[in-house]
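Residues per chain are reported as follows:
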Amino acid sequence: MEKTATKITTILYLSLAAFPLMRANVNSIFIILCSLFAIYDFLKNRKKVVLSKKILILTAVFWMFLFHEILSTDFSSQRILLHLPFLVLPLLFLFKPSFIDAKIRTKSLLIFQGSVVLQSFIYLFTFLKSHSLQQIFSINNYNIPLFRTFVYENTYTEIHSTYFSAFLLCSFTISFFFGLRNKVKQKLIFHVFNIVFTLFFLFVFVSKIIILTLLISVLFYLFFSFKNKKDFIKVFIGFLIFGSLFIYNFKDLLSERFNEIRTEINRPLVGDYHNSINIRVAIINCSLDLLEKVPLFGFGDDLQNQLNDCYKNSYDSNFYKLATYNTHNYYFNLVLYGGWIFLILFFFYIFWLFKKMDFPLFLKIILIQILIINFTENFLSRHHGIILFIYFISLFLIPKTNKEIVK
């Protein structure tokens, strides 16, 4: 019985890394099952719960939203459930069974990367069933890559393209900053393959903020990895040549996407004429207007209504009725939802993670990437964004030894 429970628990902990293959509700079921088996192990071994400052800070984002909902007049259980991973995942790894060790962490990284590769192939297979290979590089009438729109609407997982692009970027970063130093030939070959593979799909999805974050990440790599000036120049030239050849093959797709910024940023949003750029401008303008009159504790669950009223009063267009347009900036969202105190608490939380936690370089880069993406997306307001962020933080709470350490 105990051996069976141990095997199931191990499998469930490893399954947490396969979230790129799962819808939000399926991923939540695996988290619940893993929690139940972890609680069983905790009670069986009569472990003690020792609350500490570390635990409170690691779970701080959940408590922020919980207390705000309790104190507000319009309690939303849905919002609490959305932010529950900020509480559950850190506790799962802080109070993990003793057999969930550093080897499980290494396997989990490979499972995550393998899941991203497999999901990409599923997307590709689904697309090619009704389209030609050449159409992967096509743009639809709304200046959005045909591939990313089709796979979002016609595959089971329903992961927003920007969020899956973030998975690709994260997998790329693991191989780029961590995997290339692997001395085992087979693993090195995998990481080289994974770098080329993820780059290909990053440029196929061609999310503007993800591509810009990718370039920033490469610069970080050059800065942190090569202290010798001559080595830096050689590698920089190598990356420049490789990057130029890679970008050249996607030049039409990239030019269409980025040229839209130049041509559409000053075009008025009127009637049925709207696109991703002028809608973004409208969102930013309305978010800035609301920031000037934000209450002490924010607009709370009335925030979306406030935004819609601004869209209605400021623009002669019904674009906001066709889809829900939030702030598309997580920092704006924090202030407008919970007041300036929310933004201050979140920045303290991030500062503490970088200052107090002994994370490896590639994980720090992943966290920086997510912080950059937050400027154009409410990345931590969707399940898959929250999971990507807090899962890797929690995964590296596993001590370097097998001792149970909760500081």
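It should be noted that the structure appears before, not after, this text.
Since the structure is predicted, the reported quantities are computational estimates derived from the model, not experimental observations. (Residues numbered from 1 in each chain as written. Predicted model: local features only at pLDDT ≥ 70, side-chain atom pairs only at ≥ 80, totals over all residues. Heavy atoms only, no water.)

**A closer look at the nonpolar core**
As a reminder of what qualifies: What is meant by a nonpolar core is a set of buried Ala, Val, Leu, Ile, Met, Phe, Trp, Tyr and Cys residues, joined one to another through side-chain atoms within 4.5 Å. Exposure classes here rest on a 1.4 Å probe applied to the protein chains alone. A residue is buried below 20% of its type maximum, exposed above 50%, and partly exposed in between. For the purposes of this entry, the term helix denotes a DSSP run of H or I that reaches at least four residues, the term strand denotes a run of E that reaches at least two, and both are numbered from the N terminus. Only heavy atoms matter for contacts: two residues are in contact if any of them lie within 4.5 Å across the pair.
In this structure, Tyr349, Phe389 and Phe392 are the most contacted members of the largest nonpolar core, which totals 123 residues. Ranked by residue count, the leading element in this core is helix α9 (residues 161–178), at eleven residues. Excluding residues that lie within four positions of it along the chain, Phe392 makes contacts with Phe19, Leu109, Phe112, Cys170, Ile174 and Leu363.

**Observations regarding the state of the cysteines**
Put simply, the rule reads: Note on terminology: disulfide denotes any pair of cysteine sulfur atoms within 2.5 Å.
For the coordinates displayed, the defined rule picks out one disulfide. A sulfur-sulfur separation of 2.2 Å characterises the disulfide bridge that pairs Cys286 with Cys310. For the disulfide bridge between Cys286 and Cys310, the dihedral angle about the S-S bond is near -90°, and by the sign convention the bridge is left-handed. Here the residue Cys286 occupies a position in helix α14 (residues 276–291), and Cys310 occupies one in helix α15 (residues 303–314), the gap between them amounting to 24 residues.

**A short note on the side chain of His68**
Among the structural elements, His68 can be located in helix α4 (residues 60–71). The residues contacting His68, other than those within four sequence positions of it, are Phe297, Gly300, Tyr337, Gly338 and Phe342.

**Section: a nonpolar patch on the surface**
For the record, the criterion: Put simply, a patch holds well-exposed residues, over 30% relative accessible area, that have no salt bridge, with like charges counted together within 9 Å and Val, Leu, Ile, Met, Phe, Trp or Tyr side chains within 5 Å. Per-residue and other accessible areas were derived by the Shrake-Rupley procedure at a 1.4 Å probe size, with only the shown protein chains allowed to occlude residues. Throughout this description, the term salt bridge denotes a Lys or Arg side-chain nitrogen within 4 Å of a carboxyl oxygen of Asp or Glu.
Together, Leu296, Phe297, Trp340, Ile341, Ile344 and Leu345 give the surface a local cluster of nonpolar side chains, amounting to about 660 Å² of exposed area. You can see Ile341 is positioned in helix α18 (residues 340–356).

**Comments concerning the side chain of Ser15**
On the secondary structure map, Ser15 appears in helix α1 (residues 2–15). Non-local contacts of Ser15, meaning those with residues more than four positions away in its chain, are made with Met22 and Phe30.

**Let's talk about the packing of aromatic side chains**
Inclusion rule: For Phe, Tyr and Trp, rings pair up if their centres lie within 6.5 Å, where Trp contributes its six-membered ring, and each pair is then called stacked (planes under 30 degrees apart), edge-to-face (over 60) or tilted (otherwise). In this scheme, the term charge over a ring applies when either NZ of a lysine or CZ of an arginine sits within 6 Å of the ring centre and within 35 degrees of the ring normal.
Evaluated as defined, the whole model comprises 48 aromatic pairs. Judged by centre distance (6.1 Å) and plane angle (25°), the rings of Trp63 and Phe67 are stacked. Remark: Phe67 and Trp63 occur in helix α4; sequence separation between them is four residues, near one turn of the helix. According to the relative accessible area criterion, Trp63 is partly exposed, its value standing at 28%. On the basis of relative accessibility, which here comes to 48%, the residue Phe67 falls in the partly exposed class. An angle of 35° between the planes, with centres 5.5 Å apart, marks the rings of Phe193 and Phe197 as tilted. Remark: Phe197 and Phe193 occur in helix α10 (residues 185–205); sequence separation between them is four residues, near one turn of the helix. In this structure Phe197 comes out as buried when scored by relative accessible area, which is 9%. The ring of Tyr156 has Arg23 lying over it, and the distance from NZ or CZ to the ring centre is 4.8 Å.

**A look at the pattern of salt bridges**
Charged atoms that come close allow side chains of opposite charge to pair. Throughout the structure, instances matching the rule amount to five salt bridges. As a salt-bridge pair, Arg79 and Asp301 come within 2.9 Å of each other at their nearest N and O atoms. Of the two residues, Arg79 sits in helix α5 (residues 77–83) while Asp301 sits in the loop between α14 and α15, which places them 222 residues apart along the sequence. Given a relative accessible area of 25%, Arg79 falls into the partly exposed group. Close ionic contact of Arg280 with Glu377 constitutes a salt bridge, the shortest N to O distance being 2.9 Å. Residue Arg280 is located in helix α14, and its partner Glu377 is located in the loop between α19 (361–373) and α20 (383–395); the two are separated by 97 residues in the primary sequence. Beyond isolated ion pairs, a larger network of salt bridges with shared partners links Glu69, Arg79 and Asp301.

**Here's the deal with the environment of Ser314**
We apply this condition: Side-chain atoms alone can form a polar contact between residues adjacent in sequence; in general such a contact is a pair of N or O atoms within 3.5 Å, and within protein one must be able to donate a hydrogen while the other accepts it.
Tracing the chain through its elements places Ser314 in helix α15. As a C-alpha pair, Ser314 and Ala282 span 32 residues in sequence and 8.5 Å in three-dimensional space. Here the side chain of Ser314 touches Cys310 through a polar contact of 2.9 Å, landing on its backbone oxygen.

**Considering the packing of α14 against helix α17 (residues 330–338)**
Convention followed: Note on method: axes are straight lines fitted to C-alpha atoms, helices fitted across the in-contact stretch only, with angles between N-to-C directions ranging 0 to 180 degrees. Note on convention: the crossing is left-handed when the near helix lies turned anticlockwise from the far helix by less than a right angle, right-handed when the turn is clockwise. In this count, Pro and Cys sit with the nonpolar residues alongside Ala, Val, Leu, Ile, Met, Phe, Trp and Tyr, while Asp, Glu, Lys and Arg are called charged and the others, Gly among them, polar.
Orientation of α14 relative to α17, taken along the N-to-C sense of each, is 35°, at an axis distance of 10 Å. Both α14 and α17 take part in a crossing whose hand is left-handed. Along the contact surface, α14 presents Ser287, Leu288, Leu290 and Leu291, while α17 presents Phe332, Val335 and Leu336. Tallied by class, residues from the contact of α14 with α17 come to six nonpolar, one polar and no charged.

**Some remarks on the packing of helix α8 (residues 146–154) against α10**
This is how the line gets drawn: Each angle gets one of four labels, with under 35 degrees taken as roughly parallel, over 145 as roughly antiparallel, 65 to 115 as roughly perpendicular, and the rest as oblique.
At a minimum axis separation of 7 Å, α8 and α10 run at an interaxial angle of 95°. When the axis of α8 is compared with that of α10, the two are roughly perpendicular. Of the residues in α10, those touching α8 at Phe147, Arg148 and Val151 are Phe201, Val204 and Phe205. The residue inventory of the contact of α8 with α10, partitioned by class, reads five nonpolar, no polar and one charged.

**Notes on helix α2 (residues 24–44)**
For clarity, the cut-off: In this analysis, the expected span of each helix is defined as 1.5 Å times one less than the number of residues it contains. The arc in question is formed by the directions pointing from the helix axis toward the C-beta atoms.
With 21 residues, α2 should cover 30 Å at 1.5 Å per step; its first-to-last C-alpha distance of 30 Å lies within 8% of that length. Buried within α2 we find Asn27, Ile31, Cys34, Ser35, Ala38, Asp41 and Phe42. Within α2, the buried residues cover an arc of 125° as seen down the axis, which keeps them to one side. Away from its buried face by more than 90 degrees, α2 exposes Ile32, Leu36 and Leu43. Close packing links the buried residues of α2 with α1, α6 (85–94) and α20. Arg46 lies just past α2 and shows a positive phi near 50°.

Read these as geometric descriptors, not functional statements.
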